[in-house]
Amino acid sequence: MSDDTVLHVKGRVLAGPDEDQVRDELWVIGGRVSYDRPAGARDIRTVAGWALPGLVDAHCHVGLGAHGPVDADAAEKQALADRDAGTLLIRDAGSPSDTRWVDDREDLPEIIRAGRHIARTRRYIRGYAHEIEPADLVAYVGREARRGDGWVKLVGDWIDRGTGDLAACWPRDAVAAAIGEAHRLGARVTAHCFAESSLRDLVEAGIDCIEHATGLTDDLVPLFASRGVAIVPTLVNIATFPRLAAGGESKYPAWSAHMRRLHARRYDTVRNAYDAGIPVFVGTDAGGSLPHGLVAAEVAELVKAGIPPVAALAAATWSARSWLGRPALTEGAPADLVVYAQDPRTDVRVLEAPARVVLNGRIVG
């Protein structure tokens, strides 16, 4: 496509979750969405199908490998895998790599960064995080708030080798002061949390989001709902819990049993959160040990958990973009969209096979 090419998307444009938001066509003019047919356009390329806003992976790690940061070539392959799966907006939930160079590439997804993970000393995966003690938490949160794109990522709990089970990483007063500092600087805070024990302190301290949230029990659901704290369940990652439990059973049997229990109730946890009105968003936890490009699988997992298909789609499109402060398919918005051969509202597995991927107004896949 040349810079003068007008892209005509016709069929069914899903500009929102409701039927009255479905349009018959849109036009891409100068890389932007328009619902008005351009006058005098000569070079028009037509794409037909079911169009959605570019998908969102709200928990992804570009630039992160199994042992820490990866080089730019590897990070590019990660971003391309996400793009080709239809993910055009990423909230990078912690990375030790500097991926600012991606911002200059119009063929790669937009990344909203949370800086580098902040963890307690020897309480996270080696090479991933700043590993610090509570006295330094406020300072490091301030640093990552300035370095990121409006988010900071804490490690809220991890295995405590002394007790042999998951345990909270931070005293309540430390996280309250740190979250307050992030908010003062205009950043939101999220935290990795598998277990139950860290959640109440984090939520009552004002946290904005919890990653994984496998420890969200019935008594905590009303607290999350009343505070509007979102969760990103990463069910494609939680699927690995039985394997992890088997690998650690001989050394940490209590941890292993705990991980199995969290896995066994994972779908009930997510459905109960959704039913209570807790915002639920799609995230894959790609990077580290998981491959990129799993967004369709995560949407399907939400549906398997009992979330209605259109709500699961919203968690990866309209609602997720609004939560992250990015437009969907509104007039004048950047033309980031994915076209499918069938209606994804009828069967979300359609997301596995994008017919066309349009990023910044250009067909890239």
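All chains use their own residue numbering, which begins from 1 and follows the written sequence. With the structure being a predicted model, the display of local features is reserved for residues of pLDDT at least 70 and the display and counting of side-chain atom pairs for 80 or more, all residues being used for whole-chain, interface and lining totals. The side-chain quantities take in all heavy atoms of the structure and omit both hydrogens and water.

Engineer: Would you take a moment to explain the overall build of the chain for this structure?
Structural biologist: A helix here means a DSSP run of H or I that spans at least four residues, while a strand means a run of E at least two residues long, and both kinds are numbered starting from the N terminus. Within the chain, the secondary structure is distributed over 12 helices and 20 strands. Overall size of the chain, expressed as C-alpha extent along the three principal axes, is 70 × 40 × 35 Å. Remark: exposure states derive from per-residue accessible area (1.4 Å probe, protein chains only) relative to the maximum for the residue type, with buried under 20%, exposed over 50%, and partly exposed in between. Taking all 365 residues of the chain together, 55% fall into the buried category. Throughout, a contact is declared for two residues whenever any of their heavy atoms are within 4.5 Å. The contacts of the chain with a sequence gap of at least 6 include a subset with a gap of at least 24, amounting to 65%. Summed over its atoms, the accessible surface of the chain is roughly 14,500 Å², and 48% of this surface lies on carbon and sulfur atoms. Here the positive residues are Lys and Arg and the negative ones are Asp and Glu; neither His nor the chain ends is included. To locate a charge, take NZ of a lysine, CZ of an arginine, CG of an aspartate or CD of a glutamate. Side-chain charges in the chain split into 42 positive and 50 negative, and the spacing between the mean points of these groups amounts to 2 Å. Surface exposure here means Shrake-Rupley accessible area, sampled with a 1.4 Å probe, where a residue is shielded only by the protein chains that are shown.

Engineer: Is there a simple way to think about the nonpolar core in this case?
Structural biologist: Taken as a class, soluble globular proteins show a tendency for nonpolar side chains to be buried jointly. Put simply, buried Ala, Val, Leu, Ile, Met, Phe, Trp, Tyr and Cys residues joined by side-chain atoms within 4.5 Å make one nonpolar core. Core analysis: the biggest nonpolar cluster contains 83 residues, and Leu137, Val152, Ile207, Ile210, Phe224 and Leu302 have the highest contact counts within it. Ranked by residue count, the leading element in this core is helix 3 (residues 172-184), at five residues. Sequence-distant contacts of Ile210, that is, excluding residues within four places in its chain, are made with Thr190, Ala191, Cys193, Leu199, Leu202, Phe224, Val229, Ala230, Ile231 and Val232. Counting residues in each nonpolar core, the second largest holds 14 residues, with Val28, Ala51, Leu329 and Ala335 among its members.

Engineer: Would you take a moment to explain the sheet that holds strand 4 (residues 44-53) for this structure?
Structural biologist: Within a sheet, neighbouring strands are paired by backbone hydrogen bonds and run either parallel or antiparallel to one another. In this description, strands pair whenever DSSP reports at least two bridges between them. In spatial order, the strands read 3-2-1-4-18-19-20; together these seven strands make up an open sheet with mixed pairing. Since the sheet does not close on itself, it has two edges, and those belong to strand 3 (32-34) and strand 20 (362-363), each with one partner. In this sheet, strand 3 lies alongside strand 2 (residues 22-29) in antiparallel orientation, the contact comprising three bridges. Looking at the pairing, Trp27 lines up with Ser34 of strand 3.

Engineer: Quick question: what am I supposed to make of the pairing of strand 4 here?
Structural biologist: Each regular strand carries side chains that alternate between the two faces of the sheet. Of the pairings in the sheet, the one linking strand 1 (residues 6-14) to strand 4 comprises eight bridges and is parallel in character. Across the sheet, residue Lys10 finds its bridge partner in strand 4, namely Ala48. For strand 4 and strand 18 (residues 337-340), the ladder comprises four bridges, and the chain directions are antiparallel. Paired with Trp50 across the bridge in strand 18 is Tyr340.

Engineer: Would you explain the pairing of strand 19 (residues 356-359) in this entry?
Structural biologist: Sheet topology note: the strand 18/strand 19 ladder contains three bridges and is antiparallel. Across the sheet, residue Leu337 finds its bridge partner in strand 19, namely Val358. Taken together, the two bridges between strand 19 and strand 20 define a ladder with antiparallel strand orientation. Residue pairing for strand 20: Val358 is matched across the bridge by Ile363.

Engineer: Can you walk me through a positive patch on the surface in this structure?
Structural biologist: Surface patches are defined over residues having more than 30% relative accessible area and no salt bridge, joining like charges when they lie within 9 Å and nonpolar side chains (Val, Leu, Ile, Met, Phe, Trp, Tyr) when within 5 Å. We define a salt bridge as a contact between a side-chain nitrogen of Lys or Arg and a carboxyl oxygen of Asp or Glu at a distance within 4 Å. On the surface, Arg122, Arg126, Arg161 and Lys251 cluster together into a positively charged patch. Topologically, Arg126 is positioned in the loop between strand 10 (118-120) and strand 11 (130-132). What makes Arg126 exposed here is its relative accessible area of 74%.

Engineer: Looking at this structure, I do not really get the sheet that holds strand 9 (residues 110-113). What am I missing?
Structural biologist: On the basis of which strands lie adjacent, the open sheet formed by three strands has the order 5-8-9 and parallel pairing. Edge positions in the sheet fall to strand 5 (55-60) and strand 9, since each of these pairs with one other strand and no more. Put simply, the sheet's adjacent strands are angled 20 degrees from each other on average, direction ignored. Two strands pair when backbone bridges link them, and strand 5 and strand 8 (residues 87-92) are joined in this way by four bridges, in the parallel orientation. Each residue of the ladder has a partner; that of Asp57, found in strand 8, is Ile90. Note on geometry: axes are lines fitted to C-alpha atoms, helical ones only across the stretch in contact, with angles between N-to-C directions running from 0 to 180 degrees.

Engineer: Could you clarify how one ought to interpret the pattern of salt bridges in this entry?
Structural biologist: Any two side chains of opposite charge can pair, on the condition that their charged atoms come close. Tallied over the entire structure, the rule returns 25 salt bridges. Residues Asp149 and Arg100 are paired through a salt bridge, measuring 2.8 Å at the closest nitrogen-oxygen approach. Here Arg100 lies in the loop between strand 8 and strand 9 and Asp149 lies in the loop between helix 2 (137-147) and strand 12 (151-155), a separation of 49 residues in the sequence. Taking the relative accessible area as the measure of exposure, Asp149 reaches 27% and is therefore partly exposed. Among the salt bridges present, the one from Asp219 reaches Arg200, with a minimum N-O distance of 3.9 Å. Here Asp219 is found in the loop between strand 16 (209-212) and helix 5 (221-227), whereas its partner Arg200 is found in helix 4 (residues 199-204), with 19 residues between them in sequence. Residue classification places Asp219 among the exposed residues on the basis of a relative accessible area of 52%. Connected through salt bridges with shared partners, the residues Arg12, Glu19, Asp24, Asp343 and Arg345 form a single ionic network.

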